[in-house]
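This is what each chain is made of:
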Amino acid sequence: MPNVTNIANPAATGLGPVMGIESSCDETAVAVLDAGGRVMAENVLSQLDDHAKFGGVVPEIAARAHLAALPDLVRLTLSQAGIGVQDLRAVAASTGPGLIGGVIVGACFGKGFAIAAGKEFVAVNHLEAHALTARLPGLMAGPVEFPYLALLISGGHCQCVAVEAVGRYRKLGGTIDDSVGEAFDKVGKLLGLGWPGGPAIEKIAREGNAAAFALPRPLRGRAGCDFSWSGLKTAVAQLVAKYPAGALPRPLVADIAASFQQAVVEVMEDRVDHALAMYPRAKLLVVGGGVAANLAIRDGLERVVAQHGARFVAPPVRLCTDNAVMVAWAALERLAIGVYDGLEAAPRPRWPLEELRF
Amino acid sequence: MLRERVVNRHPLRHNRIMISREIHLPDQAATEELARRLGDLSRPGDAILLSGDLGAGKSTLARALLRHLANDPNLEVPSPTFSLVQSYATRRGTAHHFDLWRLGDSAELAELGWDEAMRDLILVEWPEKMGPERLRELTDAGALAIFLTSPGDDTRTAHLTGWPDRLESMP
C-alpha cells in the first residue's frame, strides 16, 4: 500500500477555514471554523428542523445512516459558511474513540474528501476535542490557559483528566464500571422515563424530594477520583422492585429521580474535590460531555471549584454534547502545534488520551 | 412452582429452553466465583448469553470472567452499553463483550463485527435484542444461557441452560 502521507499537498501550508466532522456516536455533525476559530457554520443532524431529507433517519447505531447524511450535511454547512471546497485549509474528523461503524464512516469520508480536494486531513481524538472545547475563542471572558482539569461526563465516558497542553493528558481517575450517562439512561428506563434518561430525570427531579430515599454514594470519600455507578443503578432497581409492577405514580418517580440525582451530584462533588487536590496546578475546571448539561451537577461542581479557589467553565450545552465545532477546533489546535495524525491514522474504537502524540 | 415462574419470564422461553442448573448466589463474591468457574470451562468460539433485569449482575459476571481469563484482577472492563462491544486479549484468545441494550435492529449486528467475533469467545448481555431467530441459532449451536434473577436484595439466582457436559463437571 502506498504511503498516503507523502502525497504532495499544496494547500497544506495556507491558512484557511477548517471543516470538522463528528459521527463517532449517535450524532452526525459538521462545522466550519475560520483560521482564528470563529464558527462560520455548524449543524447537528438531530437538531435540524427537517432532517428527513438527509437520508431519512437520525443515526443511532447504524453507520450507514451517518453515511447517508454526511454529503448533504457537508454541502449545507459549506454553503452556510459561504465558502467552497477550495477555500478550506483542512478537513478533520473524529477518528475515535467511539462506535466503530460511525468512526469508520466519519474518518473515511473525511479522508476521501481531503484527498479529492487536495487538503490536509486531521484525525481528531473525540475526547481531546471535548477537553479543548473550553479554549474555543469567544467562549470564555478571558483566555483559557493550560494547565486545567477536564471532567468528561457522557453516555460513554466518565473521567477526570489533567490537561497539561495540547496532546498532553493524564487521566487522574475514571469509571470502574458504568459511565454516568449510562446510569442516568438506565435509571430513566427503570422509572419509565424513556431514552435518553438524563434530561427527563433532571426535569422530573425538580418536582421531587431529594432526601426521600437514602441511595448509596459509591466511592465517596475513597482515595483518588475513580467513579463507580453500577451499584447506584442497582440500588434504584431494587427500590423500584419494591413497588407493584406497572407505571409508578408520578410523585414517587419524582422523589426517586431527585434522590438519584442528588446521589450523583454528591459523588461528583467528592470526586472532583479529590481530583483538584490531586492536581493543584489546575486553576480551572472544564466540563464536557452530554451529562455536563445537567444543571444540578453544574451547580454542585461550581461549589466545589469555588472552595479550591479555582474557576469553573461549562461550555453551552450545544458544545458539551457531541458536535463538530469541537472537532474543527481541536484540529486548529493541532495544526497550530504542527503535530497531528493524518491520513495514516486508522479509526479506533478505543483511543485513550494518554496515547496521543505531542 | 418457582421454577415455572422463572421459565415463564425467561428471555429465551420461546426457544423451548430447559433450565439445566440453578445456582444460588448469596452475594457479589459468589457471582464472581461462578464467573471464574465458567471462564475455566469456556473455549474459543463459545457464546455466553447473559440475561436479567437492570442491576441483576450481568456486567459483574462478565467483568469477573474476563478478568479471570485475562489473568488480570484489575483489568479495566468498562460497561459496553455505549460502545456495544469491547474486546479483550485472554488466554482463550480474543474475547468480545457485547451489550445489545441499545441495539435497534438485529441487522445492526453486522456493523459491530458480529460475524467475525463469532469465531472467538463472546459474552453477550441483552441477547434477546438480537431477535428470536438469531438467538435460536446461537442456542442450537451450543451457547450457554445465563438468566440472573434477584428478589430485590443483594442475593441472585443464576439459571444456566446449555453446556450439559461441561456443567456436570462443575461442583
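Residues numbered from 1 in each chain as written. Chains lettered and ligands numbered in written order. Predicted model: local features only at pLDDT ≥ 70, side-chain atom pairs only at ≥ 80, totals over all residues. Heavy atoms only, no water.

Visitor: Before we go on, may I ask you to explain the pairing of strand β5 (residues 121–125) of chain B in this structure?
Guide: It is a general feature of regular strands that their side chains alternate between the two faces of the sheet. Residues and elements named next belong to chain B. Within β5, 5 of the 5 residues are buried, which leaves the element mostly enclosed by the surrounding structure. Side chains Leu121, Leu123 and Glu125 of β5 all project onto a buried face; the interleaved residues Ile122 and Val124 project onto the opposite face, where all are buried too. Bridging between strand β4 (residues 93–99) and β5 involves 5 bridges; their strand directions are parallel. What sits directly across from His96, in β5, is Ile122. (Buried < 20%, exposed > 50% of the residue type's maximum accessible area, 1.4 Å probe, protein only. Helix = DSSP H or I, 4+ residues; strand = E, 2+ residues; numbered from the N terminus. Pairing = 2+ DSSP bridges.)

Visitor: Help me out: how do you make sense of helix α2 (residues 28–41) of chain B in this one?
Guide: Three or four residues apart is the spacing at which side chains of an α-helix point the same way, because the helix has 3.6 residues per turn. Residue and element names in this part refer to chain B. Taking 1.5 Å as the rise per residue, α2 with 14 residues should run 20 Å; its terminal C-alpha atoms sit 20 Å apart, in good agreement. Looking at α2, one finds that the buried residues are Ala30, Thr31, Leu34, Ala35, Leu38, Gly39 and Leu41. Residues of α2 that are buried in the fold lie against β1 (21–25), α3 (58–69), β6 (144–149), β7 (156–161) and α6 (164–168). (Expected span 1.5 Å × (residues − 1). Contact = heavy atoms within 4.5 Å.)

Visitor: Looking at this structure, I do not really get the environment of Gly106 of chain A. What am I missing?
Guide: All names here are of chain A. Looking at the secondary structure, you find Gly106 in helix α2 (residues 100–117). Residue Gly106 is classed as buried on the basis of its relative accessible area, which comes to 0%. The spatial distance from the C-alpha of Gly106 to the C-alpha of Leu67 is 7.8 Å, given a sequence separation of 39 residues.

Visitor: What am I meant to see in the confidence of the model for chain B here?
Guide: As a general rule, the predicted coordinates of low-pLDDT regions are not to be interpreted in detail. Residues and elements named next belong to chain B. Mean pLDDT over chain B stands at 89; residues scoring 70 or higher make up 91%. By mean pLDDT, helix α1 (residues 2–9) is the weakest element of chain B at 63, and β5 is the strongest at 98. Scoring the predicted complex yields pTM 0.89 and, for the interface, ipTM 0.85. (pLDDT = per-residue confidence, 0-100.)

Visitor: Where do I start with empty space enclosed by the protein in this structure?
Guide: Over the atoms rolls a probe the size of a water molecule, and its path tells where empty space is left. All names here are of chain A. Applying the stated criterion across every chain yields a total of 2 cavities of 30 Å³ or more. Looking at the lining of the largest cavity, the element that brings in the most residues is strand β5 (residues 120–125), giving 3 residues. The residue makeup of the lining of the largest cavity, split by class, is 6 nonpolar, 1 polar and 4 charged. (1 Å grid on protein atoms, 1.4 Å probe; cavity = no way out; pocket = protein on both sides within 12 Å on 5 of 7 lines; lining within 4 Å. Points joined across faces, edges and corners; volume = space filled by probe spheres on them. Nonpolar A, V, L, I, M, F, W, Y, C, P; charged D, E, K, R; others polar.)

Visitor: Can you help me understand the environment of Ile337 of chain A in this one?
Guide: All names here are of chain A. Relative to the helices and strands, Ile337 is located in helix α10 (residues 325–337). Overall, the relative accessible area of 38% leaves Ile337 in the partly exposed class. A C-alpha to C-alpha distance of 31 Å links Ile337 and Gly155, two positions 182 residues apart in sequence.

Visitor: Whenever I open this one, the sheet that holds β7 of chain B confuses me. Can you help?
Guide: Residues and elements named next belong to chain B. Ordered in space as β1-β7-β6-β2-β5-β4-β3, the 7 strands form an open sheet in which the pairing is mixed. Strands with a single pairing partner mark the edges of an open sheet, and in this sheet they are β1 and β3 (85–90). Averaged over all adjacent pairs, the angle separating strand axes in this sheet is 20°, with direction ignored. Where β3 lies against β4, 6 bridges are found, and the strand directions are antiparallel. Counted as the bridge partner of Val85 is Phe98 from β4. (Axes fitted to C-alpha atoms, helices over the stretch in contact; angles between N-to-C directions.)

Visitor: What should I look at first to understand the pattern of salt bridges in this one?
Guide: Here the idea is simple: oppositely charged side chains can pair when their charged atoms come close. Residue and element names in this part refer to chain A. This model, assessed by the stated rule, comprises 23 salt bridges over all chains. For Arg38, the salt bridge goes to Asp34, with nearest N and O atoms at 3.1 Å. Among the salt bridges present, the one from Lys233 reaches Asp178, with a minimum N-O distance of 3.3 Å. In this pair, Lys233 is assigned in helix α6 (residues 230–241) and Asp178 in the loop between β8 (168–174) and α4 (180–190), connecting sequence segments 55 residues apart. Across the pair, exposure class does not vary: Lys233 and Asp178 are buried alike. The network of salt bridges with shared partners includes Glu164, Arg170 and Arg281. (Salt bridge = Lys/Arg side-chain N within 4 Å of Asp/Glu carboxyl O.)

Visitor: Before we go on, may I ask you to explain the layout of surface pockets in this structure?
Guide: Residue and element names in this part refer to chain A. In this structure, the largest pocket spans a volume of roughly 940 Å³. Surrounding the largest pocket, 38 residues form its lining, Gly155, Asp185, Pro196, Gly290 and Thr321 being those nearest its centre. Counting residues per element, the ones that place at least two in the lining of the largest pocket are α3 (126–132), α4 and α5 (197–205). A breakdown of the residues in the lining of the largest pocket according to their chemical character gives 12 nonpolar, 16 polar and 10 charged. Shared between two domains, the lining of the largest pocket takes at least three residues from each, and those domains are domain 1 (10–137 + 320–356) and domain 2 (148–314). (Domains from an automatic or database assignment.)

Visitor: Can you help me understand the domain arrangement of chain A in this one?
Guide: Accessible area lost when the parts come together is the quantity often used to give the size of an interface. Residues and elements named next belong to chain A. Entries for chain A in the domain assignment read domain 1 (10–137 + 320–356) and domain 2 (148–314). The gap between the C-alpha centroids of domain 1 and domain 2 is 28 Å. Counting residues at the interface gives 17 residues for domain 1, matched by 21 residues for domain 2. Counting each side, the surface lost to burial between domain 1 and domain 2 is near 1,500 Å², with a carbon and sulfur contribution of 70%. Linking domain 1 with domain 2 are 0 salt bridges. Where domain 1 meets domain 2, there are 5 residue pairs in polar contact (both at pLDDT 80 or more). Sorting the residues of the side of domain 1 that touches domain 2 by element identifies α3 and α10 as the ones contributing at least two each. If you tally residues by element for the side of domain 1 that touches domain 2, the top one is α3, at 5 residues. The residue inventory of the side of domain 1 that touches domain 2, partitioned by class, reads 9 nonpolar, 2 polar and 6 charged. (Buried area = accessible area lost by both parts, 1.4 Å probe. Polar contact = N/O pair within 3.5 Å; in protein donor to acceptor, adjacent residues only side chain to side chain.)

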